[in-house]
Amino acid sequence: KIIDKVDFSFKIDESIISQDEAQAMYNQMRQITKDFRIQAMKLYVQSAARENEILSNEIKGFLTPAIINEANIQLTEEEHQLLKLGPKFIFNDPKTAARRRITELATLKRKIEKCFLRKKVSPGRPLQQFMAELDVLLQTLHNVPTIDKIINKDKLFGIEMNQNKSIVELINSQASQSKIVTTAKVKLKHKFKLANVIVQKSDKSKVFHSGKIEDYRKKSKEYMEKAQAYKCLGKEDPLPGLIQRTNKYLLDLRLAKWITQKHYELLSIKSNEVELAHLYYLPKAHKPGTPLRPIISGLKHPTSKISKFLDDLLRPLFDKMAQETTVSSGFELVKKLQEWSILNMNQNTIFCTIDIVDLYTMIPQVEGVLLLKKMLDYLKMKKVGGLKIETIIRLSRFVMQNNYFSYDGQFYHQIRGGAMGSPLTFTMANCYMFFFERQIAKQIKNSGGLYFRYIDDLFIVINWPVRHLLKQIDKWKNFDENIKLNPNIGSFATFLDLYMENRDGVLFTIVYQKPSYEPYYLPFNSIHPIHMKKNIPFTMLLRVIGYCSTFQTYLDEREKLRMALLLNKYPNKLIEQQFSNVLLKCNIDQPLTNSSYSKCR
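Residues numbered from 1 in each chain as written. Predicted model: local features only at pLDDT ≥ 70, side-chain atom pairs only at ≥ 80, totals over all residues. Heavy atoms only, no water.

- With an unreviewed UniProt entry as reference, the protein is termed Reverse transcriptase domain-containing protein, source organism Rotaria sordida.

Description of the overall build of the protein
- Looking only at helices and strands, one finds 20 helices and 19 strands in the protein.
- Radius of gyration (C-alpha) of the protein: 32 Å, far over the 25 Å computed for a compact globule of 601 residues.
- Referenced to the eigenvectors of the C-alpha coordinate spread, the extents of the protein come out at roughly 130 × 70 × 55 Å.
- In the protein, which comprises 601 residues, the share counted as buried stands at 42%.
- Carbon and sulfur atoms make up 54% of the accessible area of the protein, which totals about 35,100 Å². (Helix = DSSP H or I, 4+ residues; strand = E, 2+ residues; numbered from the N terminus. Rg over C-alpha atoms; globule rule 2.2 N^0.38 Å. Buried < 20%, exposed > 50% of the residue type's maximum accessible area, 1.4 Å probe, protein only. Areas by Shrake-Rupley, 256 points an atom, 1.4 Å probe, with all protein chains shown as cover.)

Quick look at the domain arrangement of the protein
- By domain assignment, the protein separates into domain 1 (229-322 + 361-419) and domain 2 (530-598).
- Between the C-alpha centres of domain 1 and domain 2 the distance comes to 42 Å. (Domains from an automatic or database assignment.)

With respect to the UniProt feature "domain: Reverse transcriptase" (unreviewed entry) in the protein
- Here the UniProt-annotated "domain: Reverse transcriptase" (unreviewed entry) positions come out as residues 263-508.
- Secondary structure content for residues 263-508 is 42% helix and 26% strand, while the C-alpha to C-alpha distance between its ends is 52 Å. (UniProt positions renumbered as here; feature names shortened; annotations may be inferred.)

Quick notes on a positive patch on the surface
- A cluster of basic residues, Arg110, Lys111, Lys114, Arg118 and Lys119, forms a positive patch at the surface.
- Topologically, Lys119 is positioned in the loop between α3 (94-118) and α4 (124-143).
- Classification of Lys119 as exposed rests on a relative accessible area of 68%. (Patch = residues over 30% accessible without salt bridge, like charges linked within 9 Å, V, L, I, M, F, W, Y side chains within 5 Å. Salt bridge = Lys/Arg side-chain N within 4 Å of Asp/Glu carboxyl O. Lys, Arg positive; Asp, Glu negative; His and termini not counted. Charge placed at Lys NZ, Arg CZ, Asp CG, Glu CD.)

A few points about the environment of Ser268
- Among the structural elements, Ser268 can be located in the loop between α9 (261-267) and β7 (277-283).
- Under the relative-accessibility criterion, Ser268 is labelled buried at 18%.
- As a C-alpha pair, Ser268 and Leu251 span 17 residues in sequence and 8.4 Å in three-dimensional space.

A few points about the packing of helix α17 (residues 530-547) against helix α18 (residues 551-567)
- Running from amino to carboxyl end, α17 crosses α18 at an angle of 160°, the nearest separation of the two axes being 10 Å. With respect to their mutual orientation, α17 and α18 come out roughly antiparallel. At the point where α17 passes α18, the crossing takes the right-handed sense. Counted together, Ile536, Pro537, Met540, Leu541, Val544 and Ile545 of α17 and Tyr554, Glu557, Arg558, Leu561 and Leu565 of α18 form the full contact between these two elements.
- Looking at the contact of α17 with α18, its residues break down into 9 nonpolar, no polar and 2 charged. (Axes fitted to C-alpha atoms, helices over the stretch in contact; angles between N-to-C directions. Parallel < 35°, antiparallel > 145°, perpendicular 65-115°, else oblique. Left-handed = near helix turned anticlockwise from the far one by under 90°. Contact = heavy atoms within 4.5 Å. Nonpolar A, V, L, I, M, F, W, Y, C, P; charged D, E, K, R; others polar.)

So, unusual backbone geometry
- The backbone of Asp408 sits at a positive phi, close to 55°, despite the residue not being glycine.
- Within the element layout of this structure, Asp408 appears in the loop between β12 (404-407) and β13 (410-414).
- The phi angle at Leu496 is positive, at roughly 55°, despite the residue not being glycine.
- When you line up the elements, Leu496 lands in the loop between β17 (492-495) and β18 (498-503).

Quick notes on the side chain of Ser422
- Relative to the elements of secondary structure, Ser422 occurs in the loop between β13 and α15 (423-446).
- Side-chain polar atoms of Ser422 contact the side chain of Ser307, separated by 2.9 Å. (Polar contact = N/O pair within 3.5 Å; in protein donor to acceptor, adjacent residues only side chain to side chain.)

Observations regarding the sheet that holds strand β1 (residues 67-69)
- With mixed pairing, the 3 strands of this open sheet are ordered in space as β1-β5-β4. Unpaired on one side and paired on the other, β1 and β4 (197-201) mark the two borders of the sheet. Strand after strand, the sheet turns through a mean of 25° between neighbouring axes, direction not considered.
- By the bridge criterion, 5 bridges tie β4 to strand β5 (residues 208-212) in an arrangement that is antiparallel. Bridging across to β5, Gln200 finds its partner in His209. (Pairing = 2+ DSSP bridges.)

Concerning the nonpolar core
- Formed by 58 residues in total, the largest nonpolar core has its most connected members in Met375 and Trp476.
- Ranked by residue count, the leading element in this core is α15, at 12 residues.
- Of all hydrophobic cores here, the second largest spans 45 residues; its members include Val334, Met540, Ile545 and Tyr570. (Core = buried A, V, L, I, M, F, W, Y, C linked by side-chain atoms within 4.5 Å.)

Observations concerning the pattern of salt bridges
- Tallied over the full model, the rule gives 18 salt bridges.
- One salt bridge connects Asp358 with Lys226, and the closest N-O pair in it is separated by 3.5 Å. With a gap of 132 residues between them, Asp358 in the loop between β9 (350-356) and α12 (359-362) and Lys226 in helix α7 (residues 213-227) connect regions that are remote in the sequence.
- Look at Asp358 and you get partly exposed, because its relative accessible area is 30%.
- Taking the shortest distance from any N to any O, the salt bridge between Glu559 and Arg558 comes out at 2.9 Å.
- Here the salt bridges do not stand alone but share partners, grouping Arg558, Glu559, Arg562 and Glu576 into one network.

A few points about the confidence of the model for the protein
- Summarising the model, the protein shows a mean pLDDT of 87, and 92% of its residues fall at 70 or more.
- This model gives residues 145-164 a pLDDT under 50, and the stretch forms 32 contacts once residues within four places in sequence are excluded. (pLDDT = per-residue confidence, 0-100.)

What follows is the structure, encoded as structure tokens:
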């Protein structure tokens, strides 16, 4: 179309110029036109090839959320494809399903029997019959191939079957792959073991990360030396002594009538039901040098029952106490920020985010427990859940002083701070920060600013000069020697998953994705319930509308989301349906437009 319009011919007056000479000129015209068209097409093809190269590289970037391969281990295409499915993917494995079915049916039967016995009625034969029928039903559902289940339906998610066989094939493909995949997984584990490589989920992007075991050990040693929070016990297992000590402590409290018999039975432990906590690390691939985040996994630790029991009592009290200075999500933050900006934002408004360094391990155990008491005194509580305040403090102290774990064949005792992963540690750290931040929050509020905190991250927006704010932060650093502040100040900021900017006195917000972001969601061909998969496009678009302050950024983010979902095998029809459902749920019956976006949002 471009070159057809190009013609460099013009009329020659042959009454003046001879026919032969005119013909020669016409031939030159045709040659000039031909040469131009060829050069133009060459340039066009060159331009198209360059566009193709750039877009191909961009798509390749999307398509490789498989593994952050810092260990530089060589992977085959089959291994790469396996890892690309990510940590959330679950294969259709009938053997595992059968084992789980037996376990869960037994659990369900016990629960139903308890309900009958509570009413002093014998469950009898009807329960046996019900469980047998349920077992047959679940077994049949697992044994019927996926494709048979779908073909029996008229539509798949509202899509005509005869037009969408490829989707059915996609969902069903995992059944034929399961045997191949099992073999590949075994080979891959063996390969990592031989190469001294450890594979973990990354801290934020939740894709696989590979690193050398010696690097993990080196970083772990550096972290422990820096934190000064752990005492190495060598090879001596502290578990037997801890079990005995925990039960004895609870029995002493029961005999002294600090706790009731019901509490004692609830919190006491059996040796065959507990195991020592273990330390593992999540690599922070989004930060230079890939530092490690320590997690102490203690779901069956001897003190975990007490820790969860106390957290269930104390966390609701803390949430109520700190509701004015804490946020739990980006939705909550953007709403409060929007309200504040209408009356207060101007061209001089600045944002400040402050990171608390190693909060969980920096809090002294004694002071942390005393601040729990301070919180209860602040709320004027005499009892919580039928327990005296002194009892809660005693139990809290016991939990904090008995954090033991294993790592790399050695046993450790945490002598400072709380275990990162223990429920009580979370509430204690929040409580510690509440009393630390009170004066700061009051100062910011009195100056017309906005202050919020999410665990160990502080957020401030205020109309102060930068120099003045830095002076104040230097003063705040002296409030508590255990709290180390790391500030970041400017006309824009990122907090949680929200990016915000002051654009000439107008608030601009959009979804924030860290540099390590990977477009990885639960793959559609994973054997998860369909409602879980439908919720992902729904909630992610809801976030896009909530966060994007302009219609154009909403359109851009929506299409980025669509691309990411397509890359994770979601059918476009399902994506479109869930996008429409977001608007319907909000009683918006028309497509969003530039003029209606702000009001609808």
